[in-house]
Amino acid sequence: MKKRIESMFEAWARIVVKFRFVILPLVLIPTFLISSQVQHLTIDTSNEGLLQPGDPILTSYNEFRDQFGRDDLLLLAIHSDNVFTIPYLTKLKKLHDQLEAQVPHLNDITSIVNARDTRGEGDTLLVDDLLRHFPEDEQGLAALKERVMANPVYQNQLVSADGTFSTILIESDTYSSAGMDGDDVLSGFDDDLQIPAEALGTGEVPSHAFLTDQENAQMVAKAKAIAQSFNSPDFEIFMAGSPVVTHTVKQLMMKDMKKFLRLAVFTIGICLFIMFRRISGVLLPLVVVALTLLTTLGLMAKFGIQFKVPTIILPSFLLAVGVGASVHVLSLVYQRIRKNDTKQEALIYALGHSGLAIVMTSLTTAAGLASFATAKVAPIADLGLFSSVGVLLSLLYTLILLPALLAIIPLKQKKGAQETVGQTLFDRCLDWVAHITTTHPKIIATVSICIVIIFAAGIPKLRFSHNLLSWLPEKLPVRVATEVIDKNLRGSVALEIVLDTGAENGLYDQKVLQAMDKLGTKLESFEKRDLYIGKVISVTTIVKEIHKALNENRPEMYTIPDNEALIPQEFLLFENSGSDDLQDFVDSRFRKARVTIKVPWRDALSYVPFIQEIEQQFQTAFADITVHEKPVTISTTGIMSLFARILSATMSSAAQSYGIAIVVITMMMILLIGDLRIGLIAMIPNISPILIVMGIMGWFSIPLDMFTMLVASIAIGLAVDDTIHFVYHFKNYFEKTGNIHQAVSHTLHTAGRAMVTTSIVLSIGFFLFMFASMHNVFYFGMLVGLAIVIALLADFFLAPSLMALALKNSQLQAQRRPSISNGELL
């Protein structure tokens, strides 16, 4: 069967050579058409973009945004020795007004300039901006400070407890303005209607186009530019929040992607020239990988797949991985030309000799990558799918376009190259490896297994993580700003709780509001390890403000009314005052309420138990409360809930992909080799690098995040390539010689050369990621590059030793056939 397949590849080579001028346009024209779609690629670094569209947590979050707007605020914290001075407040008002007037896609902006000031004058409820009447002297400043610092609504929200920070909170538009122009005057009209899910009959909420990543970038960039123009030593501005973090990640992505591409092309070109010493040996593989990359990106654009955080690695990844198959073909072609074969004979031999191995290595690599295609983390699934598509496209270009180009361009024989074979230092090293691995296989295998066990002992120490902030350099402004805000204003992200009373006007129920208020007060004292609750805000805050204002502004009346009949009346008075703040906390039917719990930015790993505990406390607090005989239901959502979901999706995706990759690749290895025992033994050198690298992560506390979780599946998909080439050629030579040492020696002197070159190219391609701006990309590149180097060592030392041990008693070995030289085999 194997010989028949090899004959088929030889026949294919003859066809390509014969019809090379026909094949060339047949390949290039569709490539050009698909590649032209690259210009339509878009980028999305939003947190929502990390989850699959149908994910229940994302669906719940989208419903929350439909009802209450966005919860991921852009935060500006302005530091001064004393915020209650006329120069500070004057400058703050100018900054506030300029942001409000110039920042695009802004829905709401809040600071002490326009903070809600609820007070009563006689029987009249007044709701106004806090600084509507600007203080003009020290007496006015003292009165303002007293009112602000005495109001619990402002503390740790709009002003720090020590009065040295004030904030400006910017909420972006919920929906995108794209397409909302004069072309369709009714566009978006229906979206403004709050249609309950039950009324639709399907239980679904109408879909909307939420604010795009590009629009978020425009908002952040403008706010940043304005803030910088106001920044000064006595008015120091710190800018943070989820929108700023995602915008910063996007900027670093774009910068790194361009840098990686340039470095990848340069280093791959250098490696190819050192190996082949031919211009064609450099240009042809680069043409193959360039067309592979353009076609893959074109397909992504055609199917509407956006570039997201993990897909930053795709371009340089394909450049490094796609060159491997070309190297194996060109290595044999140039080798046969040095043996005085014609170009056509060399090409036919190269495809016949290595075609099957190239196909199998490409399929195993694609299988390792495709194991992520079902991941619950959307960009990981996209990366798995399109990187595997890219590998298969590279295979097609290698088997179709590369032979056609080789048949067209002239290739000259390098004189003197033949005489040097077997005399170089590299060849002597290969001879030494063949000798030591076949004469001392037990020692080599035992030492190798011990090394694997020592490193693998670190695997139980592995921990999962999802923390965008930790990816960024320590001194980056947004990271510094987030830490400053968390420390001085007790939080920069929020967990959102939605209470559904199940009945219209259910929030008029006194028991519901009292339970909400009591639990909110209790939660504000929550603190466990480095996670604490900085503030709890809900509709009860407004209720207490109203009640206090209508009772002569007495502080002791800052409470839920004792008389339940007063609640709907006080809500009505507040609505009639002209303030629209209620819509931020309740729905239009007073059925649902939002509770915002502000916490510091931490790793999502600590959010998971925190969310569970908070949800349990809400369930307990409302367990015995019913409204019109209906229980109050509790649901958690918000940006923090997304972080926790992304972490859990990363964990399940990692376990699933590792299992799929190992099983599929093992089956393909057994199928190629045609021997169950040898196929399973051959997987040991492939799994060993993975165990070592995962152990290194555990020993050195490198977390498993959505980048480093890719390491194992990508590494095993790449590591198996060299193993397949080794075992495939070893088996061929062993069948011819019946001698393990000769078979190993011949394999290392033929396939081993290309294995070294492809491993160097691949490892360097991944080590380039160590120049990344983000820490997680640095670790990803380092670990995959290290795994490739370890895999090469395993294929050169462990694989031959295992083959020697497994086949030492075979019948072919016992026959002791006459020795055959490398030249005779070739």
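Fair warning: this is a prediction, and the values are worked out from it, not measured in the lab. (Residues numbered from 1 in each chain as written. Predicted model: local features only at pLDDT ≥ 70, side-chain atom pairs only at ≥ 80, totals over all residues. Heavy atoms only, no water.)

Engineer: A description of the pairing of strand β7 (residues 493–500) should follow, citing residues and the corresponding values.
Structural biologist: In terms of burial, β7 is a largely internal element, eight of the eight residues being buried. Side chains Val493, Leu495, Ile497 and Leu499 project from β7 onto one buried face, and the interleaved Ala494, Glu496, Val498 and Asp500 project onto a second face that is buried too. With eight bridges joining them, β7 and strand β11 (residues 592–599) adopt antiparallel strand pairing. Residue pairing across strands places Leu499 opposite Ala593, the latter belonging to β11. As paired elements, β7 and strand β14 (residues 633–637) share five bridges and run antiparallel to each other. Bridging from a neighbouring strand, Val498 pairs with Ser635 of β14. (Buried < 20%, exposed > 50% of the residue type's maximum accessible area, 1.4 Å probe, protein only. Helix = DSSP H or I, 4+ residues; strand = E, 2+ residues; numbered from the N terminus. Pairing = 2+ DSSP bridges.)

Engineer: Can you explain helix α5 (residues 138–150)? Please cite residues and give values.
Structural biologist: Between its first and last C-alpha atoms α5 spans 18 Å; for 13 residues at 1.5 Å apiece the expected length is 18 Å, and the two agree. The inward-facing, buried residues of α5 abut α4 (86–102). (Expected span 1.5 Å × (residues − 1). Contact = heavy atoms within 4.5 Å.)

Engineer: Provide a residue-level description of the pattern of salt bridges, including the pertinent values.
Structural biologist: Enumeration according to the criterion identifies 25 salt bridges in this entry. With its nearest N and O atoms 2.9 Å apart, the salt bridge here joins Arg70 to Asp72. The burial state of Arg70 is the same as that of Asp72; both residues are buried. Salt bridges sharing partners connect three or more residues here, namely Glu48, Arg65, Arg70 and Asp72. (Salt bridge = Lys/Arg side-chain N within 4 Å of Asp/Glu carboxyl O.)

Engineer: Describe the packing of helix α8 (residues 242–276) against helix α10 (residues 314–338), with residues and values.
Structural biologist: Remark: α8 packs on α10, axes separated minimally by 10 Å, with the N-to-C direction vectors making an angle of 15°. With respect to α10, the element α8 is oriented roughly parallel. When the axes of α8 and α10 are compared, the crossing they make is right-handed. Every residue of α10 that contacts α8 at Met257, Phe260, Leu261, Ala264, Val265, Ile268, Leu272, Met275 and Phe276 is listed here: Pro315, Ser316, Leu319, Ala320, Val323, Val327, Leu330, Ser331 and Tyr334. For the contact of α8 with α10, the residue count by class is 16 nonpolar, two polar and no charged. (Axes fitted to C-alpha atoms, helices over the stretch in contact; angles between N-to-C directions. Parallel < 35°, antiparallel > 145°, perpendicular 65-115°, else oblique. Left-handed = near helix turned anticlockwise from the far one by under 90°. Nonpolar A, V, L, I, M, F, W, Y, C, P; charged D, E, K, R; others polar.)

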